[in-house]
Amino acid sequence: MPKLGVNIDHVATLRQARKIDYPDPIRAAIICQSAGADSIVCHLREDRRHIQDCDLYKLKRVLGIKLNLEMAASREIIDIAIDAKPDQVTFVPEKRMELTTEGGLDVCSGRRRIAKALRKMQKAGIEVSFFIDPDARQIRASKEAGASMIELHTGRYAEAGSKREVKKEFLALKKSASLAREMGLKVFAGHGLHYTNTAPLRRIKEIEEYNIGHSIIARAIFTGIRKAVLEMKELVK
Ligand code: PXP
C-alpha cells in the first residue's frame, strides 16, 4: 500500500505570520502521526519563511515515524541536516522569491555538486531522494548521481487545465515512474496533490509514497473551524 507523508510547513506559515508560538507545527505533526501519516515532511528554507531550525530538532526528538527534510543542497542547510539527522532528506531546487517549489531539481546540469551533497548525507546515515520533473533525462542523471529514490514533481499534472493536458501529464508521470523503477529507484510523488487529483494516480503502481501538504492543511480549516468558533463563543458568553 502506498504511504502518505504529510508536509506541515503551512502550519508554521500561519505561526510565522504573527511570529508567535502557535499554531505549533510539532503538535500538528504528532496529530498527523496519530492519524496514520507514515512520515512527516518539512522544508527548512534558506529564508526560514516557515519551518525554523528548532522545529527540525524538535521533530527529530518527538516523532516515531520517518522525518523527511526537504532542502536545497546548499552548504548551510547540509551542515544543519547532518547535525539534526532526519531519516531522509529530499533535495529540492530553491529560489528565494518563489511561492513554493517551482519545478524539479536539475540533476543533469548540477550532477557533480548534487552527487557530492548526496555522498555527504549518506556518510551521515541519512537517506536521500531527489525531487525531479517526470523527465527521462533527469531520472537517468539521478541514477548516475547515486540516488536510490526519487520524488516525481506532480505540479504540472495538478495544474493541467484541460482533460487532454491532465492525460498528457498523467502519462508523463506513469512513463517516468516505470522507467525509474526499471532502473531500481524507489518512486515517490508530490506537489499540488489534493482531494480530487490524488486518487487517479493510484493507477501508477510504482508510486510508493505521496507527499502532500497544502491541501491537507487547507482542508483542516474546514473540518475544524466550526468547533473552533463554538469554543470561542462559549468563552465570550
Ligand atoms: N514534495 C516536495 C518535494 C515539495 O517541495 C512539496 C512542497 O513543499 C510537497 C511535496 C508538498 O506539496 P503541496 O504542499 O503542494 O502538497
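Residues numbered from 1 in each chain as written. Predicted model: local features only at pLDDT ≥ 70, side-chain atom pairs only at ≥ 80, totals over all residues. Heavy atoms only, no water.

A. The arrangement of the sheet that holds strand 5 (residues 127–132) in detail. Strand order around the closed barrel formed by eight strands is 1-2-3-4-5-6-7-8, with parallel pairing between neighbours. Each strand axis lies, on average, 25 degrees off the axis of its neighbour in the sheet, ignoring direction. Sheet topology places strand 5 next to strand 6 (residues 149–153); four bridges connect them, and they run parallel. Counted as the bridge partner of serine 129 is methionine 149 from strand 6. The strands that helix 6 (residues 136–145) touches are strand 5 and strand 6; relative to strand 5, the one it contacts most, it runs at about 160 degrees. (Pairing = 2+ DSSP bridges. Helix = DSSP H or I, 4+ residues; strand = E, 2+ residues; numbered from the N terminus. Axes fitted to C-alpha atoms, helices over the stretch in contact; angles between N-to-C directions. Contact = heavy atoms within 4.5 Å.)

B. Layout of the pairing of strand 8 (residues 207–212). Burial of strand 8 is extensive: five of the six residues sit out of reach of the surface. Direction of pairing for strand 7 (residues 186–190) relative to strand 8: parallel, over a ladder of four bridges. Across the sheet, the residue bridging to alanine 189 is tyrosine 210, located in strand 8. (Buried < 20%, exposed > 50% of the residue type's maximum accessible area, 1.4 Å probe, protein only.)

C. Spatial organisation of the layout of surface pockets. In this structure, the largest pocket spans a volume of roughly 1,100 Å³. Lining the largest pocket are 23 residues, and of these Val11, Leu14, Pro23, Ala220 and Ile221 lie nearest its centre. The set of elements that each furnish at least two residues to the lining of the largest pocket consists of helix 1 (9–18), helix 2 (25–34) and helix 9 (214–236). Sort the elements by how many residues they give to the lining of the largest pocket and helix 9 lands first, with nine residues. (1 Å grid on protein atoms, 1.4 Å probe; cavity = no way out; pocket = protein on both sides within 12 Å on 5 of 7 lines; lining within 4 Å. Points joined across faces, edges and corners; volume = space filled by probe spheres on them.)

D. Up close: the environment of arginine 202. Following the sequence through the fold, arginine 202 ends up in the loop between strand 7 and strand 8. Taking the C-alpha atoms as reference, arginine 202 lies 18 Å from aspartate 133; in sequence the two are 69 residues apart. The contact partners of arginine 202, leaving out residues within four places of it in the chain, are Pro2 and Tyr210.

E. Here's a closer look at the packing of helix 2 against helix 3 (residues 53–62). For the pair helix 2 and helix 3, interaxial distance at closest approach is 10 Å and the crossing angle is 30 degrees. In this view, helix 2 runs roughly parallel relative to helix 3, as classed from their interaxial angle. Where helix 2 crosses over helix 3, the two elements pack in a sense that is right-handed. Together, Pro25, Ile26, Ala29 and Ile30 of helix 2 and Asp55, Lys58, Leu59 and Val62 of helix 3 make up the contact between the two elements. A breakdown of the residues in the contact of helix 2 with helix 3 according to their chemical character gives six nonpolar, no polar and two charged. (Parallel < 35°, antiparallel > 145°, perpendicular 65-115°, else oblique. Left-handed = near helix turned anticlockwise from the far one by under 90°. Nonpolar A, V, L, I, M, F, W, Y, C, P; charged D, E, K, R; others polar.)

F. Summary view of the site of the ligand. Surrounding the ligand, one finds 12 residues, the nearest of these being Glu70, Glu151, Gly192, Gly213 and His214. Within the side chain of glutamate 70, an N or O atom sits 3.0 Å from an oxygen atom of the ligand. The separation between an oxygen atom of the ligand and a polar main-chain atom of glycine 213 is 2.8 Å. Starting from 400 Å² of accessible surface for the ligand in isolation, the protein chains cover 94%. The residue inventory of the shell around the ligand, partitioned by class, reads three nonpolar, seven polar and two charged. (Near = heavy atom within 4 Å. Polar contact = N/O pair within 3.5 Å; in protein donor to acceptor, adjacent residues only side chain to side chain. Areas by Shrake-Rupley, 256 points an atom, 1.4 Å probe, with all protein chains shown as cover.)

G. Inspection of a positive patch on the surface at higher detail. Taken together, the side chains of Arg75, Arg112, Lys116, Arg119 and Lys120 define a basic patch exposed on the protein surface. A per-element tally of the positive patch places helix 5 (residues 111–123) first, with four residues. Within the fold, arginine 119 resides in helix 5. (Patch = residues over 30% accessible without salt bridge, like charges linked within 9 Å, V, L, I, M, F, W, Y side chains within 5 Å. Salt bridge = Lys/Arg side-chain N within 4 Å of Asp/Glu carboxyl O. Lys, Arg positive; Asp, Glu negative; His and termini not counted. Charge placed at Lys NZ, Arg CZ, Asp CG, Glu CD.)

H. Structural context of the packing of helix 3 against helix 4 (residues 75–84). Two elements in contact, helix 3 and helix 4, have axes separated by 10 Å at closest approach and are oriented at 25 degrees. Taken together, the axis directions place helix 3 and helix 4 in an arrangement best described as roughly parallel. In this structure, the crossing between helix 3 and helix 4 has a hand that is right-handed. Between helix 3, through Asp53, Leu56, Tyr57 and Lys60, and helix 4, the contact on the second element is made entirely by Ile80, Asp83 and Ala84. Its residues assigned to classes, the contact of helix 3 with helix 4 shows four nonpolar, no polar and three charged.

I. Region of interest: helix 8 (residues 163–182). Along its 20 residues, helix 8 runs 28 Å from first to last C-alpha, staying within 8% of the 28 Å computed at 1.5 Å per residue. All of the buried residues along helix 8 are Glu169, Phe170, Leu173, Ser176, Ala177, Leu179 and Ala180. Elements that come into contact with the buried residues of helix 8 comprise helix 6, strand 6, helix 7 (155–159) and strand 7. Immediately downstream of helix 8, the backbone of glycine 184 shows phi near 85 degrees, a positive value. (Expected span 1.5 Å × (residues − 1).)

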